[in-house]
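What follows is each chain in one-letter form.
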Amino acid sequence: MHGWTGKILRVNLSNGSSVIQDIHPDLLHQFLGGRGLGAYFVYTEVAPDCDPLGPENILAFCSGSLTGIRVPTGGRSSMSTLSPLTGTIFDSNSGSPFGVRLKWAGFDALIITGQARDPVWLEITSDGAKIHPAADLWGAEIPDTIKHLKGKDSEAVCIGPAGENLVLFASIANESGRSYGRGGTGAVMGSKNLKAIVAHGKDKPDIADSELYKFVDYESRKMVKASPRTSRGLPEFGSSVLVNLMNRYGVLPTRNFQQGTFEGAEAISGERLRDEFLTKRDACWSCPIGCKRKTKTSRRSGDGPEYETIYALGSTLGIDNFETVIEANYLCNQLGMDTISCGATIACAMELAESGKLDTELAFGRSDNLLKSVEDIAYRRGLGNDLAEGSKRLATKYGAPEVAMQTKGLEFPAYDPRGMQGQGLLYATSNRGACHLRGNMLGPELLGAPKMLDRHTPSGKAGVLIVLQHSNAVIDSIGMCKFVNFAIGDDFFARFMSAITGVDYEVQDLQLTGERIWNLERLYNLKAGFTREDDSLPPRFINVPLSEGGSAGHIVHLDEMLDEYYRFRGWTQDGIPTKRKLSALGLENLGSGLLEENSHA
């Protein structure tokens, strides 16, 4: 087999057993790897009504079909599970080189089930798995754990105190600030008493057609160098280049999305990050772009922050003290928490306090207690215990669910959808909750990539978004980065897949695969009880226009876009895939229990 290894490693923490299994080639052809393969394992092995923090849930670490091969950005992998934060099927994607070492150890996937009685860490080699006691590591922060475990020809991922304390947005991280970040993956790992995983590997995958691979690789790297976004914008500024741009468009979330422009944007901009805090650029494995930042404040040094983090720990809190924002980011990385959900939940608490529903010193614009709040969440101290449950549960507990800026329980990323109609539809329909990475409309609505669309017009957005959702499912499944898509598209992905795996792929084959993955995730969520009502946005975006800035006067026209979206997808008006659609995707048996009312379709 070429590209793939054709093997998975299963580990049961309850009884300490492990087994190596073959993967049928048809399964790899259908779902590629990464997110697609993880979705299949969660769908077939995890009951939607099980306790996400119980032994029945799984951790499915899946390398992409191109992970571990020197293609541009070919170092990514996915971790799939049932999310304790959202209750949805969930995959979290990371540029951590752990996925590369997993592939080089000989496995396309590592599936962990059960629950250890005491803290353990897991060692992966080509021979299988070995379980070690981890009582001495329990309580350690991310950098200390990685330093203790990482060795030659190995990579490690672990949880920090947030994961151990089952914070519902805890992450799984490695030492370089790269995480399986969103959805509470770290809480699932913590619930299994699993502190860390170390993968040893150095056997690179075989390539079917080396000459074709070298040619496509050469051509793709030329395209990366030719694109101003991947050759200049992202390398020079990282993703933080978006701060001032989004502020000018009026879509930079401010004070829990009460405004779309932030008067302190310049103080937390990518330009200032470069000029005053940057120490060096960094890149993920096999990445020619290098958007990562190594930074230093007057007190500390570390990785980042990214644009999403600057919003979550800066503008949406009304905070323009950049040193504090940067250090709060370091602290989240150290303790193992998703910066987006962490900051957005604190913003929710600030608005609850502003309206008199919550007695707390947290307040918009106040930076002096931010670092303490982050620590309190990780250790579930005081109000931090409530914040650790995420914004949806927090706002509901204090009687104002409408101030939680979330969909399906997942907190919003850094784009106010009132200034981007298609982005609003994306947030509402994303299978894992509010997420920009499922089919980001930033390109067509604000950057003109591949072409500029009127960002305020709802008509026609559904078709564009669906194509992007399928393409992004493919990118997550082959093990490449979304940023490379600014320079190369599905045609290059198909050529890489053909050269490396020896299977002939066309663009339409990959689009069909992306559609299959998207529909499988939808089927799982339907089984979990999600309905059209959950493809929604907070009332603020539907009913309250922005009052100032580049998107003043606009709301999201969701209903008309959602009807069009369902129709284009071949779903019913209730958002259920029809029998005809599932049959075309080869999913009819998986979805049969949902089709009784729609057997005519």
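Keep in mind that what you see is a predicted model, and the values were worked out from it rather than measured.

Draft legend 1. Just the overall build of the protein chain, in detail. Scanning the protein chain from N- to C-terminus turns up 24 helices and 17 strands. Here the C-alpha radius of gyration of the protein chain, 22 Å, is about what a compact globule of 601 residues would show, namely 25 Å. With respect to the three principal axes, the spread of C-alpha positions in the protein chain is 60 × 60 × 50 Å. Per-residue burial over the protein chain gives 63% buried out of 601 residues.

Draft legend 2. Layout of the packing of helix H17 (residues 421-429) against helix H23 (residues 558-569). For the pair H17 and H23, the least separation of the axes is 10 Å and the interaxial angle reads 65°. The pairing of H17 with H23 is recorded here as roughly perpendicular in orientation. Crossing geometry of H17 relative to H23 is assigned as right-handed. Along the contact surface, H17 presents Gln421, Gly424, Leu425, Ala428 and Thr429, while H23 presents Leu558, Met561, Leu562 and Tyr565.

Draft legend 3. Region of interest: the side chain of Thr81. Of note, Thr81 is situated in strand S4 (residues 77-82). Those residues in contact with Thr81 that lie beyond four places of it in its chain are Val42, Asn57, Ile58, Thr88, Ile89, Phe90 and Val188.

Draft legend 4. Representation of the pairing of strand S14 (residues 292-296). Note that strand S13 (residues 278-282) and S14 share 4 bridges and pair antiparallel. Of the residues in S14, the one forming a bridge with Arg281 is Arg293. As defined by bridge partners, S14 adjoins strand S15 (residues 301-303) across 3 bridges and the pair is classed as antiparallel. Pairing of Thr295 across the sheet is with Gly302, part of S15. Hairpin remark: S14 followed by S15, antiparallel, with 4 residues in the connecting loop.

Draft legend 5. How the structure looks around the sheet that holds strand S5 (residues 89-94). Pairing is mixed in the open sheet, where 6 strands are placed in the order S2-S1-S6-S3-S4-S5. Looking at which strands have only one partner, the edges of the open sheet turn out to be strand S2 (17-22) and S5. Between one strand and the next, the sheet's axes are offset by a mean angle of 15°, whatever the strand orientation. Both strand S1 (residues 7-12) and strand S6 (residues 109-113) contribute to a ladder of 5 bridges, which runs parallel. Opposite Ile8, over in S6, you have Ala109 as the bridge partner.

Draft legend 6. Expanded view of the environment of Ser315. If you trace the backbone, Ser315 turns up in the loop between helix H11 (307-313) and helix H12 (322-335). For Ser315, a relative accessible area of 0% corresponds to the buried category. The contacts of Ser315, once residues within four sequence positions are left out, are Leu252, Pro253, Thr254, Arg255, Phe262, Ile268 and Ile310.

Draft legend 7. Focus on helix H10 (residues 270-277). Looking at H10, one finds that the buried residues are Gly270, Leu273 and Phe277. One face of H10 carries all of its buried residues, which in axial projection span an arc of 80°.

Draft legend 8. Seen up close, the sheet that holds S13. The strand order across the open sheet formed by 3 strands is S13-S14-S15, and the pairing between neighbours is antiparallel. Sheet topology places S13 and S15 at the edges, where each strand pairs with a single neighbour. When strand polarity is set aside, the average angle formed by the axes of neighbouring strands in this sheet is 15°. Contacts from H12 reach S14 and S15, with the element oriented near 65° to S15.

Draft legend 9. Focus on the packing of aromatic side chains. By the definition in use, this model includes 17 aromatic pairs. Ring plane angle 85° and centroid distance 5.4 Å describe the contact between Phe257 and Phe541, whose orientation is recorded as edge-to-face. Taken together, the residues span a long stretch of sequence, with Phe257 in the loop between helix H9 (242-249) and H10 and Phe541 in helix H22 (residues 539-543) at a distance of 284 residues. Across this residue pair, the class does not change: Phe257 and Phe541 are buried. Ring-pair connections join several aromatic residues into one group, and the members of that group are Phe257, Tyr311, Phe412, Tyr427 and Phe541. If you follow Arg495 out to its NZ or CZ, it ends over the ring of Phe492, 4.8 Å from the centre. A cation over an aromatic ring shows up here: Lys527 above the ring of Tyr43, its NZ or CZ 4.2 Å from the ring centre.

Draft legend 10. Inspection of helix H13 (residues 339-354) at higher detail. For H13, with 16 residues, the first-to-last C-alpha span of 22 Å sits near the 22 Å given by 1.5 Å per residue. When you tally the buried positions in H13, you get 15 out of 16 residues, the bulk of the element. The positive-phi residue at the C-terminal boundary of H13 is Gly356, with phi of around 85°.

Draft legend 11. Main features of the state of the cysteines. In this structure the tally under the stated criterion is 0 disulfides. Not engaged in a disulfide, the cysteine Cys342 finds its nearest cysteine sulfur in Cys332; these two sulfurs lie 4.0 Å apart. The exposure class assigned to Cys342 is buried, which follows from its relative accessible area of 0%.

Draft legend 12. Fine view of the pattern of salt bridges. Counted under the stated rule, the structure contains 40 salt bridges. Note that Lys292 and Glu306 form a salt bridge whose closest N and O atoms lie 3.4 Å from each other. Of this pair, Lys292 sits in strand S14 while Glu306 sits in the loop between S15 and H11, and the two are 14 residues apart along the sequence. A relative accessible area of 23% means that Glu306 is categorised as partly exposed.

Draft legend 13. Region of the structure containing the environment of Ser239. Relative to the elements of secondary structure, Ser239 occurs in the loop between helix H8 (228-237) and H9. A residue is classified by how much of its surface remains accessible, and Ser239, at 8% relative accessible area, is buried. Linking Ser239 and Glu308, residues 69 residues apart in sequence, is a C-alpha distance of 8.2 Å. Once residues within four sequence positions are removed from consideration, Ser239 is found in contact with Leu234, Cys291, Glu306, Tyr307 and Phe483. A polar side-chain atom of Ser239 sits 2.9 Å from the main-chain amide nitrogen of Tyr307.

Draft legend 14. Expanded view of the nonpolar core. Formed by 87 residues in total, the largest nonpolar core has its most connected members in Met246, Met337, Ile346, Val374, Ile377, Phe412 and Tyr565. Take this core: its biggest share by element is 9 residues, from H13. In contact with Tyr565, not counting residues within four places along its chain, are Leu425, Thr429, Ala462, Leu465, Ile466, Gln469, Trp518 and Trp571. One finds Ile23, Val216, Ala499 and Leu585 within the second-largest nonpolar core, a separate group that totals 54 residues.

How each quantity is defined
- Residues numbered from 1 in each chain as written.
- Predicted model: local features only at pLDDT ≥ 70, side-chain atom pairs only at ≥ 80, totals over all residues.
- Heavy atoms only, no water.
- Helix = DSSP H or I, 4+ residues; strand = E, 2+ residues; numbered from the N terminus.
- Rg over C-alpha atoms; globule rule 2.2 N^0.38 Å.
- Buried < 20%, exposed > 50% of the residue type's maximum accessible area, 1.4 Å probe, protein only.
- Axes fitted to C-alpha atoms, helices over the stretch in contact; angles between N-to-C directions.
- Parallel < 35°, antiparallel > 145°, perpendicular 65-115°, else oblique.
- Left-handed = near helix turned anticlockwise from the far one by under 90°.
- Contact = heavy atoms within 4.5 Å.
- Pairing = 2+ DSSP bridges.
- Arc of directions from axis to C-beta.
- Phe/Tyr/Trp six-rings, centres within 6.5 Å; stacked < 30°, edge-to-face > 60°.
- Lys NZ or Arg CZ within 6 Å of the ring centre and 35° of its normal.
- Expected span 1.5 Å × (residues − 1).
- Disulfide = S-S within 2.5 Å.
- Salt bridge = Lys/Arg side-chain N within 4 Å of Asp/Glu carboxyl O.
- Polar contact = N/O pair within 3.5 Å; in protein donor to acceptor, adjacent residues only side chain to side chain.
- Core = buried A, V, L, I, M, F, W, Y, C linked by side-chain atoms within 4.5 Å.

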